[in-house]
Amino acid sequence: MSAPSTARVLAPRSLASGVVAATVPVVLAALAAVRRPRRVPYAELALVATTLLPLAFAGRADVYTVMQLAFLATLGSQARVRVDAVARDRTVAGLALGLWGCAVLSLAQIAVPAVGLDGLMEGTSGRVASVLGRPGVAVDGRAVGFSHDPNSWAAAVLVPVTVATLGTPSIWRKLAAMVPAAMVVAASGSRSAGLALLCVALFNVMDSRTGRAAVPWLLATVLVAAATVLAVPSWRARLLGPGPVAPLTSANLLEASEAMDDPVWWSPRVDVTRSGEGPAGGAAWLLERTGDARTDRVQQRVQLERGRAYTFAFDYRAGEAPAAIGWNVGPEGPYGFDTTPLPDGTWSVATAGGVIVEEVTAAPIGEGWFRAAVTFSLPPGEGHRPLELGISPGTHARATVARPQLSVGTVAYVPTAAPDRTGLRARSAVNSRLEVYRAAVPMAIRALPLGLGPDGFEAVRSASTSGVVAAVEHEHSLPLWAVLRYGLLGLVSFTAYLWSVARLGRVHLGAVLVVLVANLFDLTFFSAGVFYPLALLANSRWEA
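Keep in mind that this is a model prediction, so the values were computed, not measured.

Student: Describe the overall build of the chain, and please don't skip the residues or the numbers.
Tutor: When its secondary structure is counted, the chain shows 17 helices and 13 strands. Looking at the 544 residues of the chain, the share that counts as buried comes to 49%. Long-range pairs, those at least 24 residues apart, make up 73% of the contacts in the chain with a sequence separation of at least 6. When the accessible area of the chain is evaluated, it comes to approximately 24500 Å², of which 64% is carbon and sulfur surface.

Below is the structure:
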């Protein structure tokens, strides 16, 4: 879930109404201090500071969020629920059952036989998203549950699993909660939640009530999580590589040569559908032009060395006339080639920008198929230049093609795999966070001690020239969120609130630390699955 500044604005619309709304938790905190004079009202004082802090920015979602937090926790301070041994055991059992339900749902979403659930999940998450004013986020190969994205879904199990494991001395009950939580985190692919879950395991190993006996169940949990990851094709590819498919080499510089409907092939005005098998048992693809231009094509961007000869080849059915086109525009103008078969069996050739087409051939390969090959080179020079290389349905507006290949010289066809998008997303997530931190941290330092306000990250995006920062919705770090928007005063106030919860006991301390670890490099604190369980936990006291 994104940061509050990007959520629907549900808070009061003016400063006056914001002050009125803030009065409720402030008054409750004052009453709590009066009614119980024998103890110092640390929690109430922290809540007052946290509530008063953003009043100058009333009307924003940040104020609404802080008010909810203050109101819930202050009400809880009036009459905290004491969890005795019987209630503790029932609570732990209920949490374990709920976590197993989440695990089953997560595995169903990423398993191959779960296609039938797609409509149910998409419709449900779509309705929830429409109520919240936000669209759902679909990520292939990662479980999202009923949440907006995988990270929020994984974070939603952190407080329950912490309470369920630290709230009981029984190793088997710990295991009953830890295993499904590990399965959810593994299926979601959230590394921040995975790091936090390791902290949960560490806290349980350090639990004096279990001691070394907790080590075996910790190892068992790791094995279950590893088995879950390896059972999912996309995650197995992420860890072990895409599989035994030939990589990009000089034999074929094109990606997804056997999957021309993959997004790596750009086809804005051409429909691409599977059409049986081509020569040698490969996949055949029907290209149907939906636009008016003859040059509309299925294409892929490649980086080519200047002055080197390349051969672009593909199969096509006899009687059809697909064209091979390579085109781009550089600082010196357009460059490329356009080769089209003619009725007499020859090919027309047009070039631009110094591109040289050395040879065009079309040889029969049997079963009514031909293989076209265009040998060309970019103008001599240093370095590489990009080229949009593809196949047009040609003058007939439709053509069936197979086995596209770009090679250095003429070589036998080598199939290539689609890009490993799971691994690319993983690397992209790390890089995008680093770029966000590089842009936000200097502005947060310059804005001390009061910060930039609730629209602080919007200011970062406006000041940055990075497309990565412009596409990110929040800071991806809870401490950075507090400092950037509310300065040192905001960080101190927020820390005071978390400490007021952590000091209530071992279970509370563990939950706060786990949530903080999960939000060091992400911002899931304001998602309902983290925010409300932590507030409810703050209203209870667990017996030792």
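Student: So what's going on with the side chain of N328? Which residues, and what values?
Tutor: Its location among the elements puts N328 in strand β6 (residues 323–330). Side-chain polar atoms of N328 contact the backbone oxygen of P386, separated by 3.1 Å. What N328 contacts, discounting residues up to four positions off in sequence, is R301, G333, P334, Y335, P386, L387 and E388.

Student: Run through the sheet that holds strand β7 (residues 333–341), naming residues and quoting values.
Tutor: Read from one edge of the open sheet, 5 strands run β4-β11-β6-β7-β8, paired in antiparallel fashion. Looking at strand neighbours, the two that pair on one side only are β4 (298–305) and β8 (347–352), the edges of this open sheet. Sheet twist, expressed as the mean angle between neighbouring strand axes with direction ignored, is 15°. With 5 bridges joining them, β6 and strand β11 (residues 384–392) adopt antiparallel strand pairing. Each bridged residue has a counterpart across the sheet, and for A324 the counterpart in β11 is I391.

Student: I'd like to hear about the pairing of strand β10 (residues 369–377), residue by residue, with values.
Tutor: Of all the 9 residues making up β10, 8 are buried; the element is thus mostly covered by neighbouring parts of the structure. Strand direction decides the pairing type here: strand β9 (residues 356–366) and β10, joined by 9 bridges, are antiparallel. Across the sheet, residue V357 finds its bridge partner in β10, namely F376.

Student: Outline the sheet that holds strand β3 (residues 283–289), listing residues and values.
Tutor: Judged by pairing direction, the sheet is antiparallel, and its 6 strands sit side by side in the order β2-β3-β12-β5-β10-β9 without closing on themselves. Each of the sheet's edge strands pairs with one partner strand only, and the pair in question is β2 (270–277) and β9. The sheet shows a mean angle of 30° between the axes of neighbouring strands, direction not considered.

Student: Pulling in residues and values, what's your account of the packing of aromatic side chains?
Tutor: Inspection of every chain in the model, using the stated rule, returns 12 aromatic pairs. With a centroid separation of 5.3 Å and an interplanar angle of 85°, the aromatic rings of F525 and F526 are classed as edge-to-face. The residues F525 and F526 share a single accessibility class, namely buried. Connected via pairs of aromatic rings, a cluster forms that spans W481, Y486, F494, F525, F526 and F531. The ring of W285 carries the charged tip of R274 above its face, separated from the ring centre by 5.8 Å.

Student: Outline the packing of helix α9 (residues 191–205) against helix α16 (residues 506–518), supporting the account with residue identities and numerical values.
Tutor: Remark: α9 packs on α16, axes separated minimally by 8 Å, with the N-to-C direction vectors making an angle of 150°. As far as their axial angle goes, α16 and α9 are roughly antiparallel. Between α9 and α16 lies a crossing of right-handed hand. Mapping the contact onto sequence places S192, L195, A196, C199, V200 and F203 in α9 and G510, L513, V514, V517 and A518 in α16. For the contact of α9 with α16, the residue count by class is 9 nonpolar, 2 polar and no charged.

Student: Break down unusual backbone geometry for me, citing the residues and quoting the values.
Tutor: Most peptide bonds adopt trans geometry, and most residues besides glycine take a negative phi value. The linkage connecting L448 with the following residue, P449, adopts the cis geometry, with an omega of 5°. Inspection of the secondary structure puts P449 in the loop between α12 (421–446) and α13 (456–463). A positive phi is found at R403, a non-glycine position, where the angle reads about 50°. In this fold, R403 is placed in strand β12 (residues 398–407). Residue class for R403 comes out buried when judged on its relative accessible area of 14%. Phi at H476 takes a positive value of approximately 60°, unusual for a residue other than glycine. With respect to the helices and strands, the residue H476 is situated in the loop between α14 (467–471) and α15 (478–502). Given a relative accessible area of 13%, H476 falls into the buried group.

Student: A description of α15 should follow, citing residues and the corresponding values.
Tutor: Taking 1.5 Å as the rise per residue, α15 with 25 residues should run 36 Å; its terminal C-alpha atoms sit only 17 Å apart, a clear shortfall. Helix geometry: α15 is bent most strongly at Y486, by close to 135°.

Student: Describe in detail the pairing of β6, supporting the description with residues and values.
Tutor: The buried fraction of β6 is high, at 6 of 8 residues. With 7 bridges connecting them, β6 and β7 associate as antiparallel partners. Considered in β7, the bridge of G326 is made with F337. Where β6 hands over to β7, the hairpin turn is made up of 2 residues, counted between the paired strands.

Student: Mind laying out the pattern of salt bridges, listing which residues take part and the relevant values?
Tutor: Under the counting rule described, the total for this entry stands at 11 salt bridges. Across the pair E388 and R301 runs a salt bridge, and its minimum N-O distance is 2.7 Å. Of the two residues, E388 is situated in strand β11 and R301 in strand β4; the sequence distance between them amounts to 87 residues. Looking at E388, the relative accessible area reads 15%, which means it is buried. We note a salt bridge from R371 to D315, for which the minimum N-O separation is 2.6 Å.

Student: So, the packing of helix α8 (residues 171–188) against α9: which residues are in play, and what are the values?
Tutor: At a minimum axis separation of 10 Å, α8 and α9 run at an interaxial angle of 165°. Taken together, the axes of α8 and α9 lie roughly antiparallel to each other. α9 is crossed by α8, and the crossing has left-handed handedness. Of α9, the residues touching α8 (which contributes K174, M178, A181, A182 and V185) are A193, G194, L197, V200, A201 and N204.

Scoring rules and cut-offs
Residues numbered from 1 in each chain as written. Predicted model: local features only at pLDDT ≥ 70, side-chain atom pairs only at ≥ 80, totals over all residues. Heavy atoms only, no water. Helix = DSSP H or I, 4+ residues; strand = E, 2+ residues; numbered from the N terminus. Buried < 20%, exposed > 50% of the residue type's maximum accessible area, 1.4 Å probe, protein only. Contact = heavy atoms within 4.5 Å. Areas by Shrake-Rupley, 256 points an atom, 1.4 Å probe, with all protein chains shown as cover. Polar contact = N/O pair within 3.5 Å; in protein donor to acceptor, adjacent residues only side chain to side chain. Pairing = 2+ DSSP bridges. Axes fitted to C-alpha atoms, helices over the stretch in contact; angles between N-to-C directions. Phe/Tyr/Trp six-rings, centres within 6.5 Å; stacked < 30°, edge-to-face > 60°. Lys NZ or Arg CZ within 6 Å of the ring centre and 35° of its normal. Parallel < 35°, antiparallel > 145°, perpendicular 65-115°, else oblique. Left-handed = near helix turned anticlockwise from the far one by under 90°. Nonpolar A, V, L, I, M, F, W, Y, C, P; charged D, E, K, R; others polar. Expected span 1.5 Å × (residues − 1). Bend = angle between axes of the 7 residues up to and from the residue. Salt bridge = Lys/Arg side-chain N within 4 Å of Asp/Glu carboxyl O.

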